Amino acid sequence: MARPLRTIIPIRFLSLSAHLSLVIMSMYERDSNIKACLPLQYTGSEYSHKDNALIAGLSLSIGFLTIEFIGFLFGFSMFNVSISLLSIALHISGTVALLFFRINSWDCDRFWAIFATCSAVPALLELLIIVYMIKYRR
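Residues numbered from 1 in each chain as written. Predicted model: local features only at pLDDT ≥ 70, side-chain atom pairs only at ≥ 80, totals over all residues. Heavy atoms only, no water.

**A short note on the packing of aromatic side chains**
Formally: Ring pairs are drawn from Phe, Tyr and Trp, using the six-membered ring of Trp, whenever the two centres fall within 6.5 Å, and their geometry is named by plane angle: stacked under 30 degrees, edge-to-face over 60, tilted for the rest. Burial classification: accessible surface area is computed with a 1.4 Å probe over protein chains only, and a residue below 20% of its type maximum counts as buried, one above 50% as exposed, and the rest as partly exposed. Helix and strand assignments come from DSSP, with helices taken as H or I runs of at least 4 residues and strands as E runs of at least 2, each series counted from the N terminus.
Tallying each qualifying case throughout the model produces nine aromatic pairs. Seen from their ring centres, Phe 100 and Trp 106 are 6.3 Å apart, and the 15° between their planes marks the pair as stacked. Here Phe 100 falls in the partly exposed class, since its relative accessible area comes to 42%. Trp 106 gets classed as partly exposed once you look at its relative accessible area, which sits at 25%. A ring pair is formed by Phe 101 and Phe 111, whose centres lie 6.0 Å apart and whose planes are at 50°; its orientation type is tilted. You can see Phe 101 sitting in helix α4 (residues 81-103) and its partner Phe 111 sitting in helix α5 (residues 111-136), a full 10 residues away along the chain. With respect to burial, Phe 101 and Phe 111 carry one shared label: buried.

Okay, structure coming up:
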C-alpha cells in the first residue's frame, strides 16, 4: 500500500466517525438550537415545526453518512485519493461547524447550510462512485 493511502484511510475513517457521532449527539440535544431560531414568545406548533425540520435534517445526515460508510468500508472509494481528501476536508469542516452549532446554540436554520455542504455533497459523490464502480467494474 502506498504511503499516502496508509495515512489517508485512517484519517477518513476518523473524520467520518467524528461527524457521525456529533450528528447523533445533536439529535439528542437539539432543544437549545430550536429555541434559538424561535421568537421569545412562541407557540407549541412553532416549536414542533422547527423540531420536526431539525429531526428530518439530522436523520438525513445520518442516512447520508451511513451511505458513505458503506461505500468506504466496501472499498468503492477507499483507494481513491482525491475523493478521500475531499471527503476528509468536508467531514472535518462539518464536524467543526456542528461543534460550533452545538456549543454556541446557533439558529437551527443554519444547520441546512452545514448539511448541504458537509453531508449531502460527499454522499452524492459516494453514490456516484458506487454506481460507477458497479456499472463499469467487471
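**Here's the deal with empty space enclosed by the protein**
The condition is simple: A pocket here means an open set of points on a 1 Å grid, computed over the protein atoms alone, that has protein on both sides within 12 Å along at least five of seven lines. A cavity is instead a set of points where a 1.4 Å probe fits but cannot get out; residues with an atom within 4 Å of a point line either one. Grid points are joined across faces, edges and corners, and a volume is the space filled by probe spheres set on the points. Side-chain classes follow a simple rule in which Ala, Val, Leu, Ile, Met, Phe, Trp, Tyr, Cys and Pro form the nonpolar group, Asp, Glu, Lys and Arg form the charged group, and the remainder, Gly included, forms the polar group.
Counted according to the given criterion, the structure contains two cavities of 30 Å³ or more. In this structure, the largest cavity spans a volume of roughly 40 Å³. Lining of the largest cavity is provided by Arg 12, Glu 68, Ile 83, Leu 86, Ser 87, Pro 122, Leu 125 and Glu 126. Those elements that place two or more of their residues in the lining of the largest cavity are α4 and α5. A breakdown of the residues in the lining of the largest cavity according to their chemical character gives four nonpolar, one polar and three charged. The calculated volume of the second largest cavity comes to roughly 30 Å³. The wall of the second largest cavity is formed by Lys 50, Ala 53, Leu 54, Cys 108, Asp 109 and Trp 112.

**What about the packing of helix α3 (residues 44-73) against α5?**
Put simply, the test is: Inter-axis angles, ranging from 0 to 180 degrees, are taken between N-to-C directions of lines fitted to C-alpha atoms, where helices are fitted over the stretch in contact. Orientation categories follow fixed angle ranges, with anything under 35 degrees roughly parallel, anything over 145 roughly antiparallel, 65 to 115 roughly perpendicular, and all other angles oblique. We call a crossing left-handed when the near helix sits turned anticlockwise from the far one by less than a right angle, and right-handed when that turn is clockwise. Here a residue-residue contact requires only that any non-hydrogen atoms of the pair lie within 4.5 Å.
Contact pair α3 / α5: the axes reach a minimum separation of 9 Å and the direction vectors enclose 30°. By the angle class used here, α3 and α5 are roughly parallel. The handedness of the crossing between α3 and α5 is left-handed. For the pair α3 and α5, the contacting residues are Ala 53, Leu 54, Ala 56, Gly 57, Leu 58, Leu 60, Ser 61, Phe 64, Ile 67, Glu 68, Gly 71 and Phe 72 in the first and Phe 111, Trp 112, Phe 115, Ser 119, Ala 120, Pro 122, Ala 123, Glu 126, Leu 127 and Ile 130 in the second. Within the contact of α3 with α5, the residues separate by chemical class into 16 nonpolar, four polar and two charged.

**Brief notes about the nonpolar core**
Our working rule: What we call a nonpolar core is a set of buried Ala, Val, Leu, Ile, Met, Phe, Trp, Tyr and Cys residues that are connected through their side-chain atoms within 4.5 Å.
Counting residues in each nonpolar core, the largest one holds 24 residues, and the members touching the most others are Leu 54, Leu 58, Leu 98, Phe 101 and Phe 111. Of all the elements in the fold, those that place two or more residues in this core are α1 (3-28), α3, α4 and α5. The greatest single-element share of this core, amounting to seven residues, is contributed by α1. Residue contacts for Leu 54: discarding those within four places in its chain leaves Arg 30, Asn 33, Ile 34, Phe 101, Cys 108 and Phe 111.

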